[in-house]
Amino acid sequence: MKVPHETELRSGLTADAEVVLRTEADVLLIPVRSLREGRDRPVVLAWQDGAAVERLITTGSRDGTWVVVESGLSEGDVIVVESAGVAPE
């Protein structure tokens, strides 16, 4: 948001700001917690033919929650993500 020219900013006031360092469009994102360590590259468990199988993937940028998948998965692939555990009621 730009500050209009006639607006005077005074010290002591607070503000919230968002700094965008990078944007990416049309990328495949998966949760970081779905990653597993492989020998050479990260792997994910993908659901294929009724079973979970390991898939080697190549990753790109990440933000702590999501990671970009550059190769090894396609849109629509189902991956297995371990839950933090939910206590039964």
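First, a word on scope: everything that follows refers to the structure included in this document.

## Some thoughts on the pattern of salt bridges
Logical step 1: By the definition in use, this model includes 2 salt bridges.
Logical step 2: Taking the shortest distance from any N to any O, the salt bridge between Arg-22 and Glu-24 comes out at 3.6 Å.
Logical step 3: Judged by its relative accessible area of 60%, Arg-22 is exposed.
Logical step 4: Relative accessible area serves as the criterion here: at 38%, Glu-24 is assigned to the partly exposed category.
Logical step 5: When the shortest N-O distance is used, the salt bridge between Asp-77 and Arg-55 registers 3.0 Å. Note that Asp-77 is positioned in the loop between strand 6 (66–71) and strand 7 (79–80) and Arg-55 in strand 4 (residues 51–56), a separation of 22 residues in sequence.

## Overview of the side chain of Arg-55
Logical step 1: Reaching out from Arg-55, the side chain makes a polar contact with the side chain of Asp-77 at a distance of 3.0 Å.
Logical step 2: Sequence-distant contacts of Arg-55, that is, excluding residues within four places in its chain, are made with Pro-42, Val-43, Val-44, Ala-46, Gln-48, Gly-72, Leu-73 and Asp-77.

## What to know about the layout of surface pockets
Logical step 1: Empty space within the largest pocket amounts to approximately 250 Å³.
Logical step 2: What lines the largest pocket is Arg-22, Thr-23, Glu-24, Val-27, Leu-29, Ser-61, Arg-62, Asp-63, Trp-66 and Val-68.
Logical step 3: Elements that contribute at least two residues to the lining of the largest pocket include exactly strand 5 (58–62) and strand 6.
Logical step 4: Classifying every residue of the lining of the largest pocket gives 4 nonpolar, 2 polar and 4 charged.
Logical step 5: Taken as a whole, the second largest pocket holds about 200 Å³ of empty space.
Logical step 6: The wall of the second largest pocket is formed by 10 residues, among which Val-3, Leu-9, Leu-13, Thr-14 and Ala-15 lie closest to the centre.
Logical step 7: Here the residues of the lining of the second largest pocket sort into 6 nonpolar, 2 polar and 2 charged.

## Observations regarding the environment of Asp-49
Logical step 1: Counting through the fold element by element, Asp-49 comes out in the loop between strand 3 (42–48) and strand 4.
Logical step 2: Each C-alpha atom of the pair Asp-49 and Val-68 lies 25 Å from the other, and the pair is 19 residues apart in sequence.

## Examining the environment of Ala-52
Logical step 1: Here Ala-52 is to be found in strand 4.
Logical step 2: Overall, the relative accessible area of 39% leaves Ala-52 in the partly exposed class.
Logical step 3: With 27 residues separating them in the primary sequence, Ala-52 and Ala-25 have C-alpha atoms 29 Å apart.
Logical step 4: In this structure, Ala-52 is in contact with Leu-45, Ala-46, Trp-47 and Val-80, ignoring residues within four places of it in sequence.

Criteria and thresholds
- Residues numbered from 1 in each chain as written.
- Predicted model: local features only at pLDDT ≥ 70, side-chain atom pairs only at ≥ 80, totals over all residues.
- Heavy atoms only, no water.
- Salt bridge = Lys/Arg side-chain N within 4 Å of Asp/Glu carboxyl O.
- Buried < 20%, exposed > 50% of the residue type's maximum accessible area, 1.4 Å probe, protein only.
- Helix = DSSP H or I, 4+ residues; strand = E, 2+ residues; numbered from the N terminus.
- Polar contact = N/O pair within 3.5 Å; in protein donor to acceptor, adjacent residues only side chain to side chain.
- Contact = heavy atoms within 4.5 Å.
- 1 Å grid on protein atoms, 1.4 Å probe; cavity = no way out; pocket = protein on both sides within 12 Å on 5 of 7 lines; lining within 4 Å.
- Points joined across faces, edges and corners; volume = space filled by probe spheres on them.
- Nonpolar A, V, L, I, M, F, W, Y, C, P; charged D, E, K, R; others polar.

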